[in-house]
Amino acid sequence: MEIKNATFVISSAHAYQCPDHQLPEYAFIGRSNVGKSSLINMLTANRKLAKTSATPGKTLLINHFIINGTTPNAAWYLVDLPGYGFAQRSKTQRTKLEQMISGYILQRRQLSNLFVLIDSRHEPQQIDLEFMNWLGESNVPFSIVFTKADKLSRARLNENINNYLARLAQDWEPLPPHFVTSAETRLGREELLAYIETINKEIQT
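Residues numbered from 1 in each chain as written. Predicted model: local features only at pLDDT ≥ 70, side-chain atom pairs only at ≥ 80, totals over all residues. Heavy atoms only, no water.

> How should I be thinking about the packing of helix H1 (residues 36-44) against helix H5 (residues 189-204) in this particular structure?
Packed helices, taken two at a time, are described by their axes: the angle between them and the distance between them. Running from N to C, H1 and H5 point in directions that differ by 80°, and their axes come no closer than 10 Å. On the basis of the axis angle, H1 is roughly perpendicular to H5. Each of Met42, Leu43 and Thr44 in H1 lies in contact with H5, whose residues at this interface are Arg189, Leu192 and Leu193. Per-class residue counts for the contact of H1 with H5 are four nonpolar, one polar and one charged. (Axes fitted to C-alpha atoms, helices over the stretch in contact; angles between N-to-C directions. Helix = DSSP H or I, 4+ residues; strand = E, 2+ residues; numbered from the N terminus. Parallel < 35°, antiparallel > 145°, perpendicular 65-115°, else oblique. Contact = heavy atoms within 4.5 Å. Nonpolar A, V, L, I, M, F, W, Y, C, P; charged D, E, K, R; others polar.)

As structure tokens, then:
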């Protein structure tokens, strides 16, 4: 898939405020500091599309970007969701963000796939496992995107990924689709975009 253009459309505080359209949406979510904005910018080949910050947890709204909007048959939406694990948020703010996220995921009929980002440097975290189990129980289609692959040696990266998949296999059969990426080296970009293109074609037919 070739991304010809990527344009910010709107930020929404609730699912019902999101754009009214018939195009597929692909949403990205993960814990704070997982590298979500960097990954989105890498996928779209636009370093300034999603705002990156040294302070985790800066995405506080549902952000819609239209991809290939000038080519109707190839157009789709990329959605940048607030992270879970909410860095330094009050209980009121956490509740508001949780409601925003769950509202979008459960109510948004245009959602074609949710990409759950996991930092490849870390062992499986309970919050991520619980979130993915909730997605499965809610019948939400999702895939796993391991980020920051460039931060590890190839041997350590493979070991971490295999260990993570082994942990997932305790709860999942078959395993959810997964991708290994790096925003720095563009690793996994073609695979992710090809996956989105495949789903788009399935929707069209």
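The structure having been displayed, the exposition proceeds.
> Which parts of the structure should I look at to understand the side chain of Asp128?
By secondary structure assignment, the location of Asp128 is in helix H3 (residues 126-137). Given the relative accessible area of 2%, Asp128 is considered buried. (Buried < 20%, exposed > 50% of the residue type's maximum accessible area, 1.4 Å probe, protein only.)

> What is the right way to read H1 from this model?
Of all the nine residues making up H1, eight are buried; the element is thus mostly covered by neighbouring parts of the structure. Every buried residue of H1 is accounted for by Lys36, Ser37, Leu39, Ile40, Asn41, Met42, Leu43 and Thr44. Where H1 terminates, the next one or two residues include Ala45, which has phi positive at roughly 55°.

> Is there a simple way to explain the pattern of salt bridges in this structure?
Once their charged atoms are close, side chains differing in charge can pair, the charge on each being opposite to the other. If you walk through the whole model with that rule in mind, you get eight salt bridges. Its salt-bridge partner being Asp119, residue Arg121 comes within 2.8 Å of it at the nearest N-O pair. Assessed through its relative accessible area of 32%, Arg121 is described here as partly exposed. The salt bridge involving Arg189 is made with Glu190; its shortest N-O contact spans 3.4 Å. Owing to a relative accessible area of 9%, Arg189 belongs among the buried residues under this scheme. (Salt bridge = Lys/Arg side-chain N within 4 Å of Asp/Glu carboxyl O.)

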